[in-house]
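# Chains, contacts and geometry: an overview
Below, each chain spelled out in residue letters.
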Amino acid sequence: LAKTTQPISMDSYEGQEVNITCSHNNIATNDYITWYQQFPSQGPRFIIQGYKTKVTNEVASLFIPADRKSSTLSLPRVSLSDTAVYYCLVANNDYKLSFGAGTTVTVRA
Amino acid sequence: EAQVTQNPRYLITVTGKKLTVTCSQNMNHEYMSWYRQDPGLGLRQIYYSMNVEVTDKGDVPEGYKVSRKEKRNFPLILESPSPNQTSLYFCASSLRGQQSNYGYTFGSGTRLTVV
């Protein structure tokens, strides 16, 4: 499993865009990049997944440069309810997920 | 509603008393997995299953057992619980695993305390 590095914490304000960058220098050719969100005492929730370039859904965007050694999760116009821990996962198999410490995002009014 | 259901939500037990945490999903998912979450250690995988009767160890399997006799159920068994198994446990399932484009669906968690 590729090792990932993300900031421990980030602060933002309501209405701003939040960008969380994850480094995965040893990503393998078959690896996918997936992001999860977790609120306190709840299970993680799938946000978005990508392999290369840009992926967008109703919740977030995922930007992956050509070398795929990093990825950036973009949360547009955050609200207080977006305060959570965000995990970046890199894996090429379907069954072993490795969650790191994640990034604690705090959104303030 | 599509969901992963864990029971119980909270459990306090004594050392050595066998217990089972149930997990059931109603989405016909093939992949299921158990995690424990501890402060400062993040989420660690205990066991996973790729299909009925197919299970394998995750990163921290010691002290746990699982079974997958039916597709929808994946119980976690602690034969002789010890205080170091006090943790928050999550069950998760996925249609085709990591690369399904929907990821894993997690249950609401079971907070276990072993005294």
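See the structure shown above.
Structural notes, computed from the coordinates. (Residues numbered from 1 in each chain as written. Chains lettered and ligands numbered in written order. Predicted model: local features only at pLDDT ≥ 70, side-chain atom pairs only at ≥ 80, totals over all residues. Heavy atoms only, no water.)

### A word on the state of the cysteines
By definition, a disulfide is the covalent link that joins the sulfur atoms of two cysteine residues. Put simply, the rule reads: Disulfides are defined as pairs of cysteine sulfur atoms found within 2.5 Å of each other. Each helix is a run of H or I in the DSSP string that is no shorter than four residues. Each strand is a run of E no shorter than two, and both are numbered from the N terminus. Think of it in three bands: residues with accessible area under 20% of the maximum for their type are buried, residues over 50% are exposed, and the middle band is partly exposed, with areas taken using a 1.4 Å probe on protein chains only.
All chains considered together, the criterion is met by two disulfides over all chains. Between the sulfur of Cys22(A) and that of Cys88(A) lies a disulfide, 2.2 Å long from S to S. In this structure, the disulfide formed by Cys22(A) and Cys88(A) twists by about -80° around the S-S bond and is classed as left-handed. With a gap of 66 residues between them, Cys22(A) in strand β2 (residues 18-23) and Cys88(A) in strand β8 (residues 84-91) connect regions that are remote in the sequence. Taking relative accessible area as the criterion, Cys22(A) reaches 0% and is therefore assigned buried. Residue Cys88(A) is classed as buried on the basis of its relative accessible area, which comes to 0%. Residue pairing for Cys23(B): its cysteine sulfur links by disulfide to Cys91(B), the two sulfurs lying 1.9 Å apart. Its torsion about the S-S bond being -75°, the disulfide of Cys23(B) and Cys91(B) is classed as left-handed. Within this pair, whereas Cys23(B) is found in strand β3 (residues 19-25), its partner Cys91(B) is found in strand β9 (residues 87-94), the two being separated by 68 residues in sequence. In this structure, Cys23(B) and Cys91(B) share a single accessibility class: buried.

### Section: the pattern of salt bridges
All names here are of chain B. Just so we agree on the cut-off: For salt bridges, the criterion is a side-chain nitrogen of Lys or Arg within 4 Å of an Asp or Glu carboxyl oxygen.
Using the criterion set out here, one finds five salt bridges over all chains in the structure. When the shortest N-O distance is used, the salt bridge between Arg44 and Asp38 registers 2.8 Å. Given the relative accessible area of 23%, Arg44 is considered partly exposed. According to the relative accessible area criterion, Asp38 is buried, its value standing at 10%.

### Brief notes about the sheet that holds β2(A)
Residues and elements named next belong to chain A. This is how the line gets drawn: A pair of strands counts as paired when DSSP detects no fewer than two bridges linking them. Axis geometry follows a simple rule: fit a line to the C-alpha atoms, using only the stretch in contact for helices, then measure angles between N-to-C directions, giving values from 0 to 180 degrees.
Ordered in space as β2-β7-β6-β5, the four strands form an open sheet in which the pairing is antiparallel. At either end of the open sheet lies a strand with only one pairing partner, and these are β2 and β5 (53-56). This sheet shows a mean twist of 15° between the axes of neighbouring strands, independent of strand direction. As paired elements, β2 and strand β7 (residues 70-75) share six bridges and run antiparallel to each other. Considered in β7, the bridge of Val18 is made with Leu75.

### A short note on the interface of chain A and chain B
How we decide: Contacts are assigned to residue pairs that have any heavy atoms within 4.5 Å of one another. When two parts are brought into contact, each loses some accessible area as probed by a 1.4 Å sphere; the total of that loss over both is the buried area. Each polar contact in these results corresponds to two N or O atoms within 3.5 Å; when the atoms are within protein, one needs to be able to donate a hydrogen and the other to accept it, and residues that are neighboring in sequence are counted only if both atoms are side-chain atoms.
Contact residues are listed per partner, giving 22 residues for chain A and 27 residues for chain B. Summed over both partners, the interface of chain A with chain B comes to about 2000 Å²; 47% of that surface belongs to carbon and sulfur atoms. Run the count over chain A and chain B and you get zero salt bridges. Scanning the region where chain A abuts chain B turns up four residue pairs in polar contact (both at pLDDT 80 or more).

### Observations concerning unusual backbone geometry
Here the amide bond leading from Asn7(B) into Pro8(B) is cis, since omega sits at -5°, within 30 degrees of zero. Positionally, Pro8(B) belongs in the loop between β1 (4-7) and β2 (10-13). One non-glycine residue, Thr53(A), lies in positive phi territory at about 60°. Summarising the element assignment, Thr53(A) is placed in strand β5. For Glu53(B), which is not a glycine, the phi torsion comes out positive at approximately 65°. The topology assignment puts Glu53(B) in the loop between β5 (42-51) and β6 (54-57).

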